[in-house]
Amino acid sequence: MATKIPTPGCFINTMIMRDNFKRHMAAEAEAERRALKHIVYNMTVPVRARIQAQLKLAVMPNYTRMNQSKNRCVVSGKGRAVLSEFKMSRHQFRMAAQNGELPGVKRATW
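Residues numbered from 1 in each chain as written. Predicted model: local features only at pLDDT ≥ 70, side-chain atom pairs only at ≥ 80, totals over all residues. Heavy atoms only, no water.

Caption draft 1: Just the packing of aromatic side chains, in detail. Applying the stated rule across the entire model yields 2 aromatic pairs. When the centroid spacing of 4.8 Å and the interplanar angle of 45° are considered together, the rings of F86 and F93 count as tilted. F86 gets classed as partly exposed once you look at its relative accessible area, which sits at 29%. (Phe/Tyr/Trp six-rings, centres within 6.5 Å; stacked < 30°, edge-to-face > 60°. Buried < 20%, exposed > 50% of the residue type's maximum accessible area, 1.4 Å probe, protein only.)

Structural data, given as structure tokens:
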């Protein structure tokens, strides 16, 4: 597979590049992983075929799993305190909300 991995549109460092690679590879292998998992959990399939599917899943690289990727801020690339709804770190979210760059978000007053 000699496909070019697209780069994210934010600040680039090695952690972001690694996470982007994992997301791309997981998306490519998702159909195969789902098919193998379906075979493994299907009790009507013969035991031998189920074991072979389990072995194929075990041999697949770790970066083909979707849970290997991490939520990262699209602006700064930080991996902590990311608001998943906006895909931004809390600091970047606060700055964008104060500048009025996020539609529908306003400061809480009470």
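Next comes the rest of the description.
Caption draft 2: Structural view of the pattern of salt bridges. A complete count under the given rule lists 2 salt bridges for this structure. Measuring nitrogen to oxygen at the nearest pair gives 3.1 Å for the salt bridge that ties R23 to D19. Separated by 4 residues within a single helix, R23 and D19 lie in helix 1 (residues 14-41), roughly one turn from each other. The class of R23 is partly exposed, set by a relative accessible area of 30%. Two residues, R34 and E30, come together in a salt bridge whose shortest N-O distance is 3.2 Å. Of the two residues, R34 and E30 are both situated in helix 1; the distance of 4 residues between them amounts to about one turn of the helix. Assessed through its relative accessible area of 58%, R34 is described here as exposed. (Salt bridge = Lys/Arg side-chain N within 4 Å of Asp/Glu carboxyl O. Helix = DSSP H or I, 4+ residues; strand = E, 2+ residues; numbered from the N terminus.)

Caption draft 3: Here's a closer look at a nonpolar patch on the surface. On the surface, a cluster of nonpolar side chains totalling about 280 Å² of accessible area is made up of V47, I51 and L55. Structurally, the position occupied by I51 is in helix 2 (residues 47-59). (Patch = residues over 30% accessible without salt bridge, like charges linked within 9 Å, V, L, I, M, F, W, Y side chains within 5 Å. Areas by Shrake-Rupley, 256 points an atom, 1.4 Å probe, with all protein chains shown as cover.)

Caption draft 4: View of the side chain of K22. One can find K22 in helix 1. Here K22 occupies a buried position and makes no salt bridge, while the nearest side chain of opposite charge, D19, is found at 6.2 Å. (Lys, Arg positive; Asp, Glu negative; His and termini not counted.)

Caption draft 5: The nonpolar core, seen in detail. Formed by A29, L36, V40, A53, L57 and M60, the largest nonpolar core amounts to 6 residues. Those elements giving two or more residues to this core turn out to be helix 1 and helix 2. Counting residues per element, this core draws most heavily on helix 1, at 3 residues. Sequence-distant contacts of L57, defined by excluding residues within four places in its chain, comprise R33, L36, K37 and V40. (Core = buried A, V, L, I, M, F, W, Y, C linked by side-chain atoms within 4.5 Å. Contact = heavy atoms within 4.5 Å.)

Caption draft 6: Highlighting the confidence of the model for the chain. Per-chain confidence: the chain averages 84 in pLDDT, with 89% of residues scoring 70 or above. No element of the chain has a lower mean pLDDT than helix 1, at 88, and none a higher one than helix 2, at 94. (pLDDT = per-residue confidence, 0-100.)

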